[in-house]
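These are the residues of each chain, in order.
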Amino acid sequence: MRWFTAGVVLSAAVILAGCSQSRPQTAAKASKPTPLQSAAAAVTGKHFPAFKLADCKDLPGRSWGPITEEPGHSYRAALAGRSAVIPIQAWWGKSFRPAEGTIYDVQITYKDTASKPVVFLSHGGFVKYWGLGEVHRFGGAGDGQWKTAIVPVSWDLVCRKNVPFQGPSQFTEFAIDAGSDLPIESIRIVPAAADSAARYGQETRTWVAQAQADKRETASRGRQQQPVLPDALKDAPLVAYARTYLVPLMQNAAPQEGEAGGPLKLKMARNEYEPATFGVYANGADLKNVTFSVSPLKGDKGKLACELDLRTAEYSAVADGNRQEGKSGCTMYPQRLWPMYPVNIAKAQSHWFWVTVHTLGEKTRPGKYTGTVTIQADGQQTTLPIEVDVLPVTLLTMKETGLEVGGCSAQVPAQDLQCLAAHNHTGMDIWFGGTQPQMRVIDGQIRFDWTYLDDWMGNAKKCGMDHMMWFLGGDPYGFPDTMNAERDFYRTTATGQSQELRKEFIERLNKDPDKILPEVRPRYQAFIRDLATHAEANNWPNKLIIHPFDEPAKYVQSKASENPFHQVIGAGKWIKPHFEDGCALIREAAQGHKNILTGGDMHHAAPSLALLGDVDVFCTNAIHEDPALGDKVRAAGVQFWQYSGTGANTPAHQGRYSFGFFFAAYNSRGSLIWAYDSTNRFDTSESTAQWGYGWYTPFGTVFTPFMVGVREGFDDRRWIETYKKLVGEEKARELLAKIGSEAIAQRTQGGRDTVYDFFAEMKKTDQLNVWRDQVMEAVLQAQPGGQTAGQ
């Protein structure tokens, strides 16, 4: 798995639109890239651009100030409150985006007049509607000093801007979004430096801490634990202790009975990721610059063939809704897992660290291996033993099991797709309200330009993802404006999309909501036909599950969301025939194409069954309403899926339980997760309406413990499916039925967050390991002579 992309490939000089270029910089030789670090590529003789903004005559006038001189500096100011766009010629050659693995540093000379960090954006095809996406933030001291910001930009965060139906242009775009007029003197693009990744991570964590400073002062740090230490460690300033990854280790945690100095223990197959975590407790004094390393893992058969990933948790203020006098309404939660970095730990507090072992299939020999985790701080050092038991088992892959899972998202960067695939994701769940082809009316017919989607779908396919759920509409509470595809088909013209036609669309469906509008129907079917044909011809994922819109079972409700653009009628009895009409149009247009299926996310059990004949994939969070729902769906010849979700601080055990043993108890074959990246970037302290478990960076994905939990839940299911393949469904039934009934009984009752599968919770998290051990033992017993069940 590529946890943190490294390496930089250099290429030809660029020309900024309307600018003259100063003398280009020549790349120097650099060392070979190393894991978890960015490094300059060993390339010489290549030129890189360097521009003065005062030489740029044709920048967009409404977002840039005039050319201005002051002693020693000439500049143009990026005007406050606007995205100051910088069109720049693609410098990397003829390809759509730079070569995979390429990372650049964009050096920006500016005068720091901003009171808050300035946002740097790029055009990279990784945000809604193929616009400009945030890459980094810089400045914000407001001290009026001239400085140089360094913004890393990776190959998957920059691409050519596509001109609809003409093809990729010669240009890409950068932009600067500042709260105050920000003087910019020059921009220079160079190979990423060796410390670029570490610097990016530190700067990001710093601006988040500054933005949350007031909230962090009064945020909860968890229940205060009292340390329970053996005599030999009572006076040790640095105490390391083993603690499960399933439950968050809060800053107020302390070692409990038997934890201090205890070993990290992992048991795993030959083709699996497995985590182990530990805390470091500052016993009696602050600790500075705490880091750790892991020695080679060795056993009777030599060194373990594996990959190690070492991570440090970032404690961030996450909104918890508990706003009252003296409290910020936030919890300091171990939210993001960054590649290992040094931290300071306050007296009587703890910090959380992660080790993940990845075994490499046939290269990894079964056996018992041991090593040492060395933890260091300024003037202090201690160790923990680590023990890895690699079983003589090769698990079925996700593809071999037939299981599927994806997270709801925009078109995330390619490095996120790689990370998600390594965490057992087999696809994604995308939404037409943001992810759609470019559309125009040409010669009276609607046409679709798939350029951006070809790039994105190709990256997904390259990662092994083979399904996509595509929601053509959103929540019925916003009907009809949330019928995104229908609305946008209606309002597409020869030049773009009309807001007047959007208003007209809403007014017409408000009056006559049961069916898709006559003018939309041919465009709707043209989209499905073109999609099916194009996907087959261009190596997209093989299964496209098309939803007319989200949660159609809300037809039994009567509720309308507020819409500042225009009044809408929301959910009501018309939602059912409208959904049925959409499914019928999709099926008719997709005749002869096996890659198109209809799907529905079903919010309630009983009303959803009335739609069973309309969908090929039935995905629900309502198993609590009818435990036999899966059997009823399968009896109708429809695929049964289940969905759940995450907030901004969902623990690992919830992801593992929901998507693992709990859903396995109902034998659902696919899952959806709401949502992968619906957050306010890195700062989630303002609102509880934040859903996400991964953050893109130029160096790979930074993720939450929940993502690890989802991966482990599907590893539980890989163990189950491997066992079923070894002994057959009938022989496996006794053990799996027992575990399944226990998993259902483990689910807590009462309270909104536990009634719905959306936040499935369990009573005793340790039971997850008990169940896996039982399946592991059954697999070992079923393997004659240590034969593996995989490939």
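Residues numbered from 1 in each chain as written. Predicted model: local features only at pLDDT ≥ 70, side-chain atom pairs only at ≥ 80, totals over all residues. Heavy atoms only, no water.

Draft legend 1. Looking closely at the packing of helix 6 (residues 484-491) against helix 7 (residues 499-511). In the contact formed by helix 6 and helix 7, the axes pass within 8 Å of each other and the chain directions differ by 125°. When the axis of helix 6 is compared with that of helix 7, the two are oblique. The handedness of the crossing between helix 6 and helix 7 is right-handed. For the pair formed by helix 6 and helix 7, the contact residues are Glu 486, Arg 487, Tyr 490 and Arg 491 on the first element and Gln 499, Leu 501, Arg 502, Glu 504, Phe 505, Arg 508 and Leu 509 on the second. (Axes fitted to C-alpha atoms, helices over the stretch in contact; angles between N-to-C directions. Helix = DSSP H or I, 4+ residues; strand = E, 2+ residues; numbered from the N terminus. Parallel < 35°, antiparallel > 145°, perpendicular 65-115°, else oblique. Left-handed = near helix turned anticlockwise from the far one by under 90°. Contact = heavy atoms within 4.5 Å.)

Draft legend 2. Inspection of the sheet that holds strand 8 (residues 118-123) at higher detail. The sheet built from four strands is open, its strands ordered 6-13-8-9 with antiparallel pairing. Looking at strand neighbours, the two that pair on one side only are strand 6 (83-89) and strand 9 (132-138), the edges of this open sheet. For this sheet, the mean inter-axis angle between neighbouring strands, taken without regard to orientation, is 25°. Pairing analysis gives seven bridges linking strand 6 to strand 13 (residues 171-177), with the strands arranged antiparallel. Among the inter-strand pairings, Pro 87 is bridged to a residue of strand 13, identified as Glu 173. (Pairing = 2+ DSSP bridges.)

Draft legend 3. A look at the sheet that holds strand 34 (residues 617-620). Spatially, eight strands are ordered 27-28-31-32-33-34-35-36 in a closed barrel, and the strand pairing comes out parallel. Across the sheet, the mean angle separating the axes of adjacent strands is 25° when strand polarity is ignored. Of the pairings in the sheet, the one linking strand 34 to strand 35 (residues 639-645) comprises four bridges and is parallel in character. Bridge assignment links Cys 619 to a residue of strand 35, and that residue is Trp 641. Contacting strand 28 (427-431) and strand 31 (467-471), helix 5 (residues 451-462) crosses the sheet at an angle of about 140° to strand 31. In the packing of helix 9 (residues 575-589) onto the sheet, contacts are made with strand 32 (543-547) and strand 33 (596-602), and the angle to strand 33 comes to roughly 160°.

Draft legend 4. Examining the pairing of strand 8 more closely. The element strand 8 is largely enclosed, with a buried count of six among its six residues. A two-sided burial pattern is seen for strand 8, the buried positions comprising Val 118, Phe 120 and Ser 122 on one face and Val 119, Leu 121 and His 123 on the other. As judged from the six bridges shared by strand 8 and strand 9, these two strands associate in the antiparallel manner. Bridge assignment links Leu 121 to a residue of strand 9, and that residue is Glu 134. (Buried < 20%, exposed > 50% of the residue type's maximum accessible area, 1.4 Å probe, protein only.)

Draft legend 5. Here's a closer look at the side chain of His 351. As for its placement among the helices and strands, His 351 is situated in strand 24 (residues 350-359). Since its relative accessible area comes to 7%, His 351 is described here as buried. In terms of polar contacts, His 351 uses its side chain to reach the backbone carbonyl oxygen of Ala 313, at 2.6 Å. Ignoring anything within four residues of it in the chain, the contact list for His 351 reads Leu 249, Phe 278, Gly 279, Val 280, Thr 312, Ala 313, Tyr 315, Val 343 and Ile 345. (Polar contact = N/O pair within 3.5 Å; in protein donor to acceptor, adjacent residues only side chain to side chain.)

Draft legend 6. Just empty space enclosed by the protein, in detail. Applying the stated criterion to the full structure yields three cavities of 30 Å³ or more. There is about 50 Å³ of room inside the largest cavity. Every residue lining the largest cavity is listed: Arg 97, Gly 124, Gly 125, Phe 126, Asp 156, Gln 411, Val 412, Pro 413, Ala 414, Asp 455, Trp 456 and Asn 459. The element that contributes the greatest number of residues to the lining of the largest cavity is helix 5, accounting for three residues. The residue makeup of the lining of the largest cavity, split by class, is five nonpolar, four polar and three charged. (1 Å grid on protein atoms, 1.4 Å probe; cavity = no way out; pocket = protein on both sides within 12 Å on 5 of 7 lines; lining within 4 Å. Points joined across faces, edges and corners; volume = space filled by probe spheres on them. Nonpolar A, V, L, I, M, F, W, Y, C, P; charged D, E, K, R; others polar.)

Draft legend 7. How the structure looks around unusual backbone geometry. A cis amide bond links Phe 479 to the next residue, Pro 480, at an omega of 5°. Position of Pro 480 among the secondary structure elements: in the loop between strand 31 and helix 6. Residues Trp 674 and Ala 675 are joined by a peptide bond in cis, for which omega reads -5°. Secondary-structure assignment places Ala 675 in the loop between strand 36 (670-674) and strand 37 (677-678). Of note in the backbone geometry, Glu 551 takes a positive phi value of approximately 45° without being a glycine. By the element assignment, Glu 551 lies in the loop between strand 32 and helix 9. Its identity as a non-glycine residue notwithstanding, Arg 681 has a phi of 50°, on the positive side. Examined against the element boundaries, Arg 681 turns out to sit in the loop between strand 37 and strand 38 (691-692). Residue Arg 681 is classed as buried on the basis of its relative accessible area of 10%.

Draft legend 8. Main features of the nonpolar core. Counting 128 residues, the largest nonpolar core has Trp 470, Phe 489 and Phe 527 as the members making the most contacts within it. In terms of residue count, the dominant contributor to this core is helix 13 (residues 705-727) (eight residues). With sequence-adjacent residues up to four places away left out, Phe 527 is seen in contact with Phe 432, Pro 437, Phe 448, Trp 450, Trp 470, Leu 472 and Phe 489. Counting 42 residues, the second largest nonpolar core, distinct from the first, contains Trp 207, Met 268, Val 294 and Ile 386. (Core = buried A, V, L, I, M, F, W, Y, C linked by side-chain atoms within 4.5 Å.)

Draft legend 9. Examining the packing of aromatic side chains more closely. Enumeration according to the criterion identifies 43 aromatic pairs in this entry. For the ring pair Tyr 676 and Tyr 693, a centre distance of 5.0 Å and an interplane angle of 80° mean the geometry is edge-to-face. Separated by 17 residues along the polypeptide, Tyr 676 in the loop between strand 36 and strand 37 and Tyr 693 in the loop between strand 38 and strand 39 (694-697) bring together distant segments of the chain. Judged on exposure class, the residue Tyr 676 and its partner Tyr 693 are both buried. Aromatic rings pair up to connect Tyr 657, Phe 659, Phe 662, Phe 663, Tyr 666, Tyr 676, Tyr 693, Phe 706 and Phe 714 into one cluster. (Phe/Tyr/Trp six-rings, centres within 6.5 Å; stacked < 30°, edge-to-face > 60°.)

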